[in-house]
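# Residue-level structural notes
Chain by chain, the residues:
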Amino acid sequence: MKLFPQNIPAFAALFMFMIAESPTSVAAKGFLVERRGSIRGSLDASSFERELNTALGEALGSGGSADLERRLAEVQQRLAPIWSTLPKNGAGNVERRSLRYLVHRHFSRQSALQIRGFEPSRPANASGWGSDDILAQRVPAFVEAFLESNHKLERGFNLGDAARVVATIEQLIFDFEGSVLQKVYEDQRKPLSRSLSRQGMEQLLESYMIRWMIGDDEEGIQILSGNRSLLESTIPHWDQIVGFVNGQVKALDFKRQQAPALARTEASARPGHNAMEARYSFEDAHGIVGGITKSFASFWDSECRSMKSTLVDMDTHHTGRVPLSKFYSHGLDTEWRFGESEEYLRDLGALDETSLRGKQVIIPNYIQATSNCIISSQHYLVCCVNDCEGLLEEIESSIGAPTAEPGQILAVVGNVSSFSTSLDEEPPKLQGSLTTQLMQIAAAHGGQVPLHGRLFAQWLHYAFPRECPFPHKTGAVAALTPSEFGERYLASSEDMNKHAAEANATDLSAATLQREDLHWMSQWSAEEELIADCASMGLRAPWELRSGVYALVGMALLLVVSALGFGSSSFVRKGAADAGLLPHHGKAHFV
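To keep things clear, this report deals only with the structure shown in the data block. (Residues numbered from 1 in each chain as written. Predicted model: local features only at pLDDT ≥ 70, side-chain atom pairs only at ≥ 80, totals over all residues. Heavy atoms only, no water.)

## Notes on the overall build of the chain
Tallying secondary structure elements over the chain gives 26 helices and ten strands in all. Buried positions account for 54% of the 591 residues belonging to the chain. Restricting the contact set of the chain to residue pairs at least 6 apart, pairs at least 24 apart contribute 74%. (Helix = DSSP H or I, 4+ residues; strand = E, 2+ residues; numbered from the N terminus. Buried < 20%, exposed > 50% of the residue type's maximum accessible area, 1.4 Å probe, protein only. Contact = heavy atoms within 4.5 Å.)

Below is the structure:
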């Protein structure tokens, strides 16, 4: 086994251990396989729902229909804010693409989890959910009988369906964690039925964290477990991680003491395992590691904030971008991070190569990149919290619909409170070019701006360039971990020094320029992507705006822009054929 040389980013070094396969789930029983035929054969809607709920209850291990209904109701409540703004058909249901989008947004917002196969950069398979999808891997019958059934594809998916999918994925993740925990018990030769002392539980959870963070590289796990110094130098802030884990045990103790009835209801307290007797079962440990997965991103957020703060300090023009030369210069001088190769940054979608200033690292895309995800398992990644989700939540809650007029969006965005918690001290400057762009997005869609389209996401990026990632076209980038990308994920010292040598020249040439003079919106693309069929929402693609009210509305909006004297398109890169002005030949499609 090759140990890590100095100056290799610890985040990336972790992934050198990562694996392609994970242990088989403790509770995996071939979910829904036995009911596959009955569900597929159900033509009556009520029979379909009844069969599905029965099978899902078995998959989730619920104690009965009441428990299942309670659990699904809780999930629906969490999904409701995003659900209210999704485009729906005449029956009030969503398409499969929108369902996937909802699932991704939910886990990103709740726990900063990226579920494998649900990444927005990955094109949706028109005929299936994809082999990398956790559902396709673990519950193929559920996918085939429910998500790909003619019954649902014809009628669409309702909020209850979305809750079922989310609850099933949550259970699969919980089962995966149980399988990792079971392996730790086996390594320590502890029977699953044995009750552990407080010290025994803490030792067990430390070993679990090593295996959870490193993967299934048995040699690496053995080396790190037996060498505390190497462990602390390999996994950043290991002592704080241990403190966080031990805090989860203390939280369980506190619940047993302060809320014994609730603890008994949740099965975290029982005879012999309560406030009077500090003993811990496998189920207790399983519950703790489940909580760790959901809350680890919040614990790790300080590390992400530190990294972002460093990048923001280098973004002197508030463009949300850092010249690649400064990025590497900082990596060489002071940081153990910022060592990804130019090729890898491009593949991650974190590199802007359209600016006259040269190549630049896009701050929010870099922070959200898989190279900075601290956990990479077979089914999910734990990444940095997406700062844009807080902004989107406010916008969606205020508008409460799939589309909105430009004026309504400008009013809401100009007063978002989530922005006050960001590292950016400047409020968004919406007047001028940004207002012009938003008006033209609306003009391309009959006067309304789709909230879940690529163009609005792109507009949000330029309104909040340090918080909201730039939305690349579907399939243009890949969410690969360093180990998945290969040996070229790290930049060589020669390449880093070559770029870093240009840092001073880059600073001098841009020192006296304003943001608009830097052609900072040169990456703007007029290509739209929607998560649902435009026609079902009453929208039209740009090339369809040739007749009727849509053309009149579009002309009216453009006249308003001209009359109010909003900013010109001087920011557009020369030779880009007015890339920022949404040309009529621009394409719109749904993904």
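Now that the structure has been shown, we can carry on.
## Notes on the sheet that holds strand 3 (residues 351-352)
As summarised here, the arrangement of the three strands in space is 2-4-3, forming an open sheet in which the pairing is antiparallel. Edge positions in the sheet fall to strand 2 (321-323) and strand 3, since each of these pairs with one other strand and no more. In this sheet, strand 4 (residues 360-362) lies alongside strand 2 in antiparallel orientation, the contact comprising three bridges. Across the sheet, valine 322 pairs through a bridge with valine 361, a residue of strand 4. Strand contacts of helix 16 (residues 324-333): strand 2, strand 3 and strand 4, with the helix running at about 75° to strand 2, the strand carrying the most contacts. (Pairing = 2+ DSSP bridges. Axes fitted to C-alpha atoms, helices over the stretch in contact; angles between N-to-C directions.)

## Points about the nonpolar core
Soluble globular proteins: nonpolar side chains tend toward being buried together. Counting residues in hydrophobic clusters, the biggest one holds 87 residues, and the most contacted among them are Met209, Trp212, Met213, Phe296, Phe327 and Tyr366. With 31 residues, the next largest nonpolar core counts Leu430, Leu434, Ala442 and Val449 among its residues. (Core = buried A, V, L, I, M, F, W, Y, C linked by side-chain atoms within 4.5 Å.)

## So, the packing of helix 10 (residues 198-214) against helix 15 (residues 282-314)
Running from N to C, helix 10 and helix 15 cross one another at 45°; their axes reach a closest spacing of 11 Å. Judged on the interaxial angle alone, helix 15 and helix 10 are oblique. In the crossing of helix 10 with helix 15, the sense of the turn from one axis to the other is right-handed. Contacts between helix 10 and helix 15 pair Met201, Leu204, Leu205, Tyr208, Met209, Trp212 and Met213 from the former with Asp284, Ala285, Ile288, Val289, Ile292, Thr293 and Phe296 from the latter. Looking at the contact of helix 10 with helix 15 residue by residue, the classes come out as twelve nonpolar, one polar and one charged. (Parallel < 35°, antiparallel > 145°, perpendicular 65-115°, else oblique. Left-handed = near helix turned anticlockwise from the far one by under 90°. Nonpolar A, V, L, I, M, F, W, Y, C, P; charged D, E, K, R; others polar.)

## A word on the packing of aromatic side chains
Tallied over the full model, the rule gives 18 aromatic pairs. Consider the rings of tyrosine 344 and tyrosine 489, whose centres lie 6.4 Å apart with planes at 80°: the pair is edge-to-face. Note that tyrosine 344 is positioned in helix 17 (residues 342-348) and tyrosine 489 in the loop between helix 23 (482-485) and helix 24 (493-500), a separation of 145 residues in sequence. Each member of the pair, tyrosine 344 together with tyrosine 489, is buried. An aromatic cluster is defined as three or more aromatic residues linked by ring pairs; in this entry it consists of Tyr208, Trp212, Phe244, Phe296, Phe299 and Trp300. In this structure, arginine 100 packs its charged tip against the face of phenylalanine 118, placed 4.9 Å from the ring centre. (Phe/Tyr/Trp six-rings, centres within 6.5 Å; stacked < 30°, edge-to-face > 60°. Lys NZ or Arg CZ within 6 Å of the ring centre and 35° of its normal.)

## Section: the environment of glutamate 177
Its location among the elements puts glutamate 177 in helix 9 (residues 159-187). Taking C-alpha positions, glutamate 177 is 9.4 Å from tyrosine 208, a pair spaced 31 residues apart along the chain. Apart from residues no more than four positions distant in its own chain, glutamate 177 is found in contact with Tyr208, His286, Val289, Gly290, Thr293 and Tyr380.

## Comments concerning the state of the cysteines
In total, this model carries three disulfides according to the counting rule given. Disulfide partner of cysteine 304: cysteine 384, at an S-S distance of 2.1 Å. As the torsion about the S-S bond is roughly -80°, the cysteine 304-cysteine 384 disulfide counts as left-handed. Pair noted here: cysteine 304 is in helix 15 and cysteine 384 is in the loop between strand 6 (380-382) and helix 19 (387-399), with a separation of 80 residues, a long-range link. The disulfide partner of cysteine 373 is cysteine 383, and the S-S distance across this bridge is 2.0 Å. Because the sign of the S-S torsion sets the handedness, a value of about 90° for the bond joining cysteine 373 and cysteine 383 places this disulfide among the right-handed ones. With cysteine 373 in the loop between helix 18 (363-367) and strand 5 (375-376) and cysteine 383 in the loop between strand 6 and helix 19, the pair connects residues that are ten residues apart, well separated along the chain. (Disulfide = S-S within 2.5 Å.)

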